[in-house]
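Coordinate analysis (summary)
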Amino acid sequence: MLEPGLSYTQERTVELKDTAAVYGSGKLNVLATPAMIALMENTALKCIENELESGKDSVGIEINAKHIKATAVGKKVSCRALVTEVDGRRIRFELEARDESGTIGTAVHDRFVIDPVKFMSKL
């Protein structure tokens, strides 16, 4: 059931494909901000995917993120999503990404529950 307090955590190792140099968001081989944000959105998605009604999905509609600290290739990064608010079809999350030395990023993220068939028919 979708309600505040629902949480999910996942972990991955930073690979070369996740770096600012590869994303084009910088020149260094450190975790790119867009890669961190993608991990955050994916963690939020996984947090609720088994709680949605059959045939429903969710899309991200807003994220306000801060990338606080760099993380090197080969380091483990974990991300935790916590549902803080459910308002109709809008779900709000607090997200925190951490590496072995502490918090590397935080965000507030909103997702909207949709019917994928209807959603795609409007494009």
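This structure is a prediction, so every number in the text was calculated from the model and none was measured.

Considering helix α2 (residues 33-48)
Here α2 contains 16 residues, and its C-alpha end-to-end distance of 23 Å stays within 8% of the 22 Å for a straight helix at 1.5 Å per residue. Its buried side turned inward, α2 meets β1 (7-13), α1 (20-23), β2 (57-67), β3 (76-87), β4 (90-99) and β5 (102-114).

Observations regarding the side chain of D110
Checked against the element boundaries, D110 lands in strand β5. Relative accessible area serves as the criterion here: at 3%, D110 is assigned to the buried category. At 2.7 Å, the side chain of D110 and the side chain of R92 are in polar contact. Setting aside residues up to four positions removed in sequence, D110 forms contacts with V59, G60, I61, E62, R90, I91 and R92.

So, the nonpolar core
Grouped together as the largest cluster of nonpolar side chains are 23 residues, with contacts concentrated most on L31, M40, I48, F93 and L95. Of all the secondary structure elements, the ones that give two or more residues to this core are α2, β3, β4 and β5. At seven residues, the largest contribution of residues to this core is made by α2. Excluding residues within four positions of it along the chain, I48 makes contact with L2, L6, S58, V83, I91, F93 and R111.

A look at the pattern of salt bridges
With the rule as written, the count across this model stands at nine salt bridges. As a salt-bridge pair, R111 and E41 come within 3.4 Å of each other at their nearest N and O atoms. With R111 in strand β5 and E41 in helix α2, this pair connects stretches of sequence that are 70 residues apart. A relative accessible area of 27% places E41 in the partly exposed class. Here D110 and R90 are joined by a salt bridge, their closest N and O atoms 3.7 Å apart.

What to know about a nonpolar patch on the surface
Judged by side-chain polarity, L16, V22 and V73 come together as a nonpolar surface patch covering roughly 250 Å² of accessible area. Tracing the sequence through the fold places V73 in the loop between β2 and β3.

Digging into the pairing of β4
Sheet analysis places β3 next to β4, joined by ten bridges and oriented antiparallel. Bridge assignment links V83 to a residue of β4, and that residue is F93. Hairpin connection between β3 and β4: a loop of two residues separates the two successive antiparallel strands, and G88 in this loop has a positive phi of roughly 65°. Bridging between β4 and β5 involves ten bridges; their strand directions are antiparallel. Bridge pairing links A97 to G105 in β5. Joining the antiparallel neighbours β4 and β5 is a turn of two residues.

About the cut-offs
- Residues numbered from 1 in each chain as written.
- Predicted model: local features only at pLDDT ≥ 70, side-chain atom pairs only at ≥ 80, totals over all residues.
- Heavy atoms only, no water.
- Helix = DSSP H or I, 4+ residues; strand = E, 2+ residues; numbered from the N terminus.
- Expected span 1.5 Å × (residues − 1).
- Contact = heavy atoms within 4.5 Å.
- Buried < 20%, exposed > 50% of the residue type's maximum accessible area, 1.4 Å probe, protein only.
- Polar contact = N/O pair within 3.5 Å; in protein donor to acceptor, adjacent residues only side chain to side chain.
- Core = buried A, V, L, I, M, F, W, Y, C linked by side-chain atoms within 4.5 Å.
- Salt bridge = Lys/Arg side-chain N within 4 Å of Asp/Glu carboxyl O.
- Patch = residues over 30% accessible without salt bridge, like charges linked within 9 Å, V, L, I, M, F, W, Y side chains within 5 Å.
- Areas by Shrake-Rupley, 256 points an atom, 1.4 Å probe, with all protein chains shown as cover.
- Pairing = 2+ DSSP bridges.

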